[in-house]
Amino acid sequence: MNQKTLQVDALESEAIYIFREVVAQFEKPVLLFSGGKDSITLVRLAQKAFFPAKIPFPLMHIDTGHNFPETIEFRDWLTQELGVELIVRNVQDNIDNGTVKEETGRYASRNMLQTETLLDAIEEFGFDACIGGARRDEEKARAKERIFSVRDDFGQWDEKNQRPEVFDILNGKIDLGQNVRVFPISNWTELDVWSYIKKENIEIPSIYFAHKRKTFLRDGLIWSADDEVVFRDEEEEVLERMVRFRTVGDMSCTAAVLSDAVDITKVVEEIRDSSISERGARIDDKRSEAAMEKRKQQGYF
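S.K.: Would you mind showing me how to read the sheet that holds strand S1 (residues 29–32) here?
M.R.: To summarise the sheet geometry, strands pair through backbone hydrogen bonds and adopt either a parallel or an antiparallel arrangement. A sheet is described by the order of its strands in space; here 6 strands give the open sequence S3-S2-S1-S4-S6-S5, paired in mixed fashion. Edge positions in the open sheet fall to strand S3 (86–90) and strand S5 (148–151), since each of these has one partner strand only. Strand after strand, the sheet turns through a mean of 30 degrees between neighbouring axes, direction not considered. Sheet topology places S1 next to strand S2 (residues 59–63); 2 bridges connect them, and they run parallel. What sits directly across from Leu32, in S2, is Met60.

Next comes the structure, spelled out in structure tokens:
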């Protein structure tokens, strides 16, 4: 057994412990599920944590309406395959009722609009713990998070006033109106996630593997031209390229990378050799130096 396998096994044990603590300490948890690799990993970990019983909480997707079709198809297949409850709440509903305003222009995205829909859903169902797939290696604001991260009754996060988590003691006590975001794979890296997917032989959406796709270049990034979501200037030429996606957020802010990694072994090799963060392909993180932190303060994942 190599060192990487031992490391992933240890991370798995930690995550299973966290899942069990969530169910022990909270009354109504939910797993935030996007159909991406991190949330798919969470589902496998939840299966292991409660086997042979079913996962004892629903999955919830905050759908921007601009998700990659491959991801939505996989989401529906997986939840049906596992027989778990799937709750979907749509950003479009908040746009229609005027609680959020859709962006326009060259860099328009619905990614930031998810916050309002998420907070509405938490209030609607009374969830007191929302389990998410954020990892500390993704982005510097993520690195500030605790595993049990308390949100106030407005859904806001105070990064300067967080509970200590010494000796892996997780404190789930909250006041009325508060809820907790839980991050079982906080200590994982992108390579850890892919190594675990390989080890467990987990099914993932085809979009994560290299495939031919109509794309165009902007700001040094490769954008999908297979849909009408991503804004494209007339002079931006569409070409077919061999690409894959390292992260699968809203289509309007998620770029592809050139790749020939057509299977999980090659993906792991590619990530091991990469010197660029996966969120380097997420334009929403580039709006300002503190873009992610500001969104998290307002109630984002």
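Having put the structure on the table, let's press on.
S.K.: I would appreciate a short explanation of the confidence of the model for the protein in the present structure.
M.R.: Regions with low pLDDT should not have their predicted coordinates read in detail. Residues with a pLDDT of 70 or more make up 90% of the protein, whose mean pLDDT is 88. The element-level mean pLDDT for the protein is lowest in helix H8 (residues 291–297), coming to 53, with S1 highest at 98. Here residues 285–290 is a poorly scored stretch, pLDDT under 50, and it has 13 contacts once near neighbours within four places are set aside; other chains count.

S.K.: How should the packing of helix H6 (residues 190–200) against helix H7 (residues 264–273) be read in this particular structure?
M.R.: Two numbers describe how H6 lies on H7: the axes approach to 10 Å, and their chain directions differ by 165 degrees. Compared by their axis directions, H6 and H7 come out roughly antiparallel. When you trace H6 past H7, the crossing you get is left-handed. Side by side, H6 and H7 meet where Glu190, Leu191, Trp194, Ser195, Ile197 and Lys198 of the first sit next to Ile264, Thr265, Val267, Val268, Ile271 and Arg272 of the second. Its residues assigned to classes, the contact of H6 with H7 comprises 7 nonpolar, 2 polar and 3 charged.

S.K.: Help me understand unusual backbone geometry in this model?
M.R.: Comment: phi is negative for the bulk of residues other than glycine, and the bulk of peptide bonds are trans. In this structure, Pro52 follows Phe51 across a cis peptide bond, with omega equal to 10 degrees. Here Pro52 is to be found in the loop between helix H2 (37–50) and S2. You will see that Asp219, though not glycine, has its phi angle at about 55 degrees, which is positive. Along the chain, Asp219 falls in the loop between strand S7 (211–218) and strand S8 (221–224).

S.K.: What is the right way to read the packing of aromatic side chains from this model?
M.R.: A ring pair, where both rings are aromatic, is described by two values, the distance of the centres and the angle of the planes. For the coordinates displayed, the defined rule picks out 8 aromatic pairs. Ring centres of Phe19 and Phe57 lie 6.1 Å apart, and the angle between their planes is 10 degrees; this geometry places the pair in the stacked category. Taken as a pair, Phe19 in helix H1 (residues 3–25) and Phe57 in the loop between H2 and S2 lie far apart in primary sequence, 38 residues in all. For Phe57, a relative accessible area of 4% translates into the label buried. A centroid spacing of 4.6 Å and a plane angle of 55 degrees characterise the contact between Phe68 and Phe245, whose relative ring orientation is tilted. Of this pair, Phe68 sits in the loop between S2 and helix H3 (69–82) while Phe245 sits in the loop between strand S9 (239–244) and strand S10 (257–258); the two residues are 177 residues apart in sequence, bridging distant segments of the chain. In terms of burial, Phe68 and Phe245 fall into one category: buried. Among the aromatic residues, ring-to-ring pairing joins Phe19, Phe50 and Phe57 into one connected group. Above the ring of Tyr107, the side-chain terminus of Arg218 is found at 6.0 Å from the ring centroid. One Lys or Arg, Arg232, reaches over the ring of Phe216 and ends 6.0 Å from the middle of that ring.

Rules used in this analysis
Residues numbered from 1 in each chain as written. Predicted model: local features only at pLDDT ≥ 70, side-chain atom pairs only at ≥ 80, totals over all residues. Heavy atoms only, no water. Pairing = 2+ DSSP bridges. Helix = DSSP H or I, 4+ residues; strand = E, 2+ residues; numbered from the N terminus. Axes fitted to C-alpha atoms, helices over the stretch in contact; angles between N-to-C directions. pLDDT = per-residue confidence, 0-100. Contact = heavy atoms within 4.5 Å. Parallel < 35°, antiparallel > 145°, perpendicular 65-115°, else oblique. Left-handed = near helix turned anticlockwise from the far one by under 90°. Nonpolar A, V, L, I, M, F, W, Y, C, P; charged D, E, K, R; others polar. Phe/Tyr/Trp six-rings, centres within 6.5 Å; stacked < 30°, edge-to-face > 60°. Buried < 20%, exposed > 50% of the residue type's maximum accessible area, 1.4 Å probe, protein only. Lys NZ or Arg CZ within 6 Å of the ring centre and 35° of its normal.

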